[in-house]
Amino acid sequence: MPHQLFNTPTSYVIDDDQGQLLGAAIASDGQWHFPYNANVPEKFKQCIIAFEDKRFEHHPGFDIIAFSRAIKQNISSKHVVSGGSTLTMQVIRLATKHKRTFWNKLGEIFMALRLECTYSKNEILALYTSNAPFGTNVIGLDAAAWRYFGRSSDKLSWGEMAAMAVLPNSPSLVHPGRNRQILLKKRNKLLDKLNKEGIIDSTTTTLAKLEPVPDWPMPLPQSAPQGLERFKSDHQADKSGDTPIKTRIKSGLQQ
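Parameters and conventions
- Along each chain, numbering runs from 1 in the same order as the chain's sequence is written.
- Side-chain atom pairs in this predicted model are given and counted only at pLDDT of 80 or more, local residue features only at pLDDT of at least 70, and totals for whole chains, interfaces and linings cover all residues.
- Side-chain numbers come from the whole structure's heavy atoms, not from hydrogens or water.
- A run of H or I in DSSP counts as a helix once it spans at least four residues, and a run of E counts as a strand once it spans at least two, with each numbered from the N terminus.
- For this measure, only C-alpha atoms enter the radius of gyration; the expected value for a globule follows 2.2 Å times N^0.38, where N is the number of residues.
- To sort residues, take the accessible area from a 1.4 Å probe on protein chains only and compare it with the maximum for the residue type: under 20% means buried, over 50% means exposed, and anything in between is partly exposed.
- Contact definition: two residues touch when any of their heavy atoms are within 4.5 Å.
- Every accessible area reported is derived by Shrake-Rupley at a probe size of 1.4 Å, with residue values counting cover from the shown protein chains alone.
- Criterion used throughout: strands pair if DSSP finds at least two bridges between them.
- Nine residue types can take part in a nonpolar core, namely buried Ala, Val, Leu, Ile, Met, Phe, Trp, Tyr and Cys, and a core is a set of them joined through side-chain atoms within 4.5 Å.
- Working convention: axes come from line fits to C-alpha atoms, limited for helices to the stretch in contact. Angles between N-to-C directions cover 0 to 180 degrees.
- pLDDT measures how confident the predictor is about each residue, on a scale from 0 to 100.
- Should an angle fall under 35 degrees it is taken as roughly parallel, and over 145 as roughly antiparallel, whereas 65 to 115 is taken as roughly perpendicular and any remaining angle as oblique.
- Less than a right angle of anticlockwise turn of the near helix away from the far helix marks a crossing as left-handed, whereas a clockwise turn marks it as right-handed.
- Note on residue categories: nonpolar means Ala, Val, Leu, Ile, Met, Phe, Trp, Tyr, Cys or Pro, charged means Asp, Glu, Lys or Arg, and polar means any other residue, Gly included.
- Salt bridges are defined by distance alone: a side-chain nitrogen of Lys or Arg within 4 Å of a carboxyl oxygen of Asp or Glu.
- Stacked, tilted and edge-to-face are the three classes assigned to paired rings of Phe, Tyr and Trp, where Trp is represented by its six-membered ring and a pair needs centres within 6.5 Å; plane angles under 30 degrees give stacked, over 60 edge-to-face, the rest tilted.

Caption draft 1: Geometry of the overall build of the chain. The number of helices and strands found in the chain is 11 helices and five strands. Computed over the C-alpha atoms, the radius of gyration of the chain is 19 Å, within 12% of the 18 Å expected from 2.2 N^0.38 for a compact globule of 255 residues. Projected onto the principal axes, the alpha-carbon positions of the chain cover approximately 60 × 45 × 30 Å. Buried residues in the chain amount to 45% of all 255 residues. In the chain, of all internal contacts separated by at least 6 residues, the share reaching a separation of at least 24 is 63%. Summed over all atoms, the accessible surface of the chain reaches about 13,800 Å², with 55% contributed by carbon and sulfur.

Quick look at the structure:
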């Protein structure tokens, strides 16, 4: 597998001396897409595995049980209702942008098996989390957490994280003024599943269901606009390095 699966542009992101977001600029392709983050919040890990790929920790990249069940469902329904793709296969699709055809699906299976031989489960999950679509022009969990909830992904509640987990499956659900009830129903169904599997208790489930689902995108912090512009111009001049940077700025003093 190539050393770098994803070559899409990412947003310019600057953090303070404690790693808190000071500001960000949209990527050159018009997407809010924060750079790759190797650290996946535990809540999101639990939610996305329960929702998308419950045997993720154990299969070699291809889940024959899920794939067989998907074929049976599609035949009985006479149209595609399930793809049976693992999270590993979805990483391949996100990286290659293959159209959803039967033959591409077979290719994704073999590429997923190769990916599992090269990357750890945590690395594969981080690739998915950093590159999955989260509605409108938002890519990756980090950008989605700031755009929809106004804070970093590690500070999201169970209700908020469950909403994030169901979005990549149907990213069109997040659109101002549309599909609120559909998103709410999918989120609550996932919360019930987490409760049934013993990941969260009944009180947490009940309280999480009372939380609102995301609506209008929120503006990102712009606490150091001159620093952000300087970073962008310096990066564009030498065309090297990644697009996040940690500064020595103290947020309290800056404010």
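Caption draft 2: Local environment of the pairing of strand β1 (residues 12–15). Side chains of β1 alternate between two faces, with Tyr12 and Ile14 and Val13 and Asp15 buried alike. Pairing of β1 with strand β2 (residues 21–25) involves four bridges; the strand directions are antiparallel. Following the sheet pairing, Asp15 is matched in β2 by Leu21. Sheet analysis places β1 next to strand β5 (residues 244–246), joined by three bridges and oriented parallel. From the neighbouring strand, Val13 faces β5, where its bridge partner is Pro244.

Caption draft 3: Focus on the nonpolar core. Ranked by size, the top nonpolar core spans 54 residues in total, and within it Phe134, Tyr148 and Met164 carry the most contacts. Listed by contribution, the elements that provide at least two residues to this core are β2, α1 (42–52), α3 (87–96), α4 (102–118), α5 (121–131), α6 (141–149), α7 (158–166) and α8 (180–196). Sort the elements by how many residues they give to this core and α6 lands first, with seven residues. Filtering out sequence-adjacent residues up to four positions away, Phe134 remains in contact with Phe44, Thr129, Ile139, Gly140, Leu141, Ala144, Tyr148, Met164, Leu167, Pro168, Pro171 and Val174. Counting residues in each nonpolar core, the second largest holds seven residues, with Ile14, Ala25, Leu228 and Phe231 among its members.

Caption draft 4: Geometry of the sheet that holds β5. Across the sheet, which stays open at both edges, the three strands sit in the order β2-β1-β5 with mixed pairing between neighbours. With one partner strand each, in any of the chains shown, β2 and β5 form the two edges of the open sheet. Across this sheet, the average inter-strand angle for adjacent strands is 10°, counted without regard to direction.

Caption draft 5: Representation of the confidence of the model for the chain. Taken residue by residue, the chain gives an average pLDDT of 89. The fraction at 70 or more is 91%. For the chain, the element scoring lowest by mean pLDDT is helix α2 (residues 64–77), at 68; helix α9 (residues 202–209) scores highest, at 98.

Caption draft 6: Structural detail: the packing of α1 against α7. Where α1 meets α7, the closest approach of the two axes is 9 Å, and the angle between their N-to-C directions is 45°. On the basis of their axis angle, the class for α1 and α7 is oblique. The element α1 and its partner α7 pack so that their crossing is right-handed. Residues Lys43, Phe44, Gln46, Cys47, Ile48 and Phe51 of α1 form the contact with α7, whose participating residues are Trp158, Met161, Ala162, Met164, Ala165 and Val166. Each residue belonging to the contact of α1 with α7 can be placed in one class, and the counts come to 10 nonpolar, one polar and one charged.

Caption draft 7: Structural view of α7. Burial analysis of α7 places nine of its nine residues in the buried class, which makes it a mostly covered element. The complete set of buried residues in α7 reads Trp158, Gly159, Glu160, Met161, Ala162, Ala163, Met164, Ala165 and Val166. Looking at the buried side of α7, the elements it contacts are α1, α6, α8 and α9.

Caption draft 8: Structural view of the pattern of salt bridges. Overall, the coordinates contain 10 salt bridges when judged by the stated rule. Linking Arg93 and Glu108 is a salt bridge whose minimum nitrogen-to-oxygen distance equals 3.2 Å. Note that Arg93 is positioned in helix α3 and Glu108 in helix α4, a separation of 15 residues in sequence. The closest approach of N and O atoms between Asp234 and Arg230, which form a salt bridge, is 2.9 Å. Taken together, the positions of Asp234 and Arg230, both in helix α10 (residues 225–238) and four residues apart, correspond to about one turn of that helix.

Caption draft 9: Main features of the packing of aromatic side chains. Tallied over the entire structure, the rule returns two aromatic pairs. Measuring from centroid to centroid gives 5.7 Å for Tyr12 and Phe231, while their planes differ by 85°, and the two rings are edge-to-face. Of this pair, Tyr12 sits in strand β1 while Phe231 sits in helix α10, and the two are 219 residues apart along the sequence. Phe231 sits in the buried class, given a relative accessible area of 12%.

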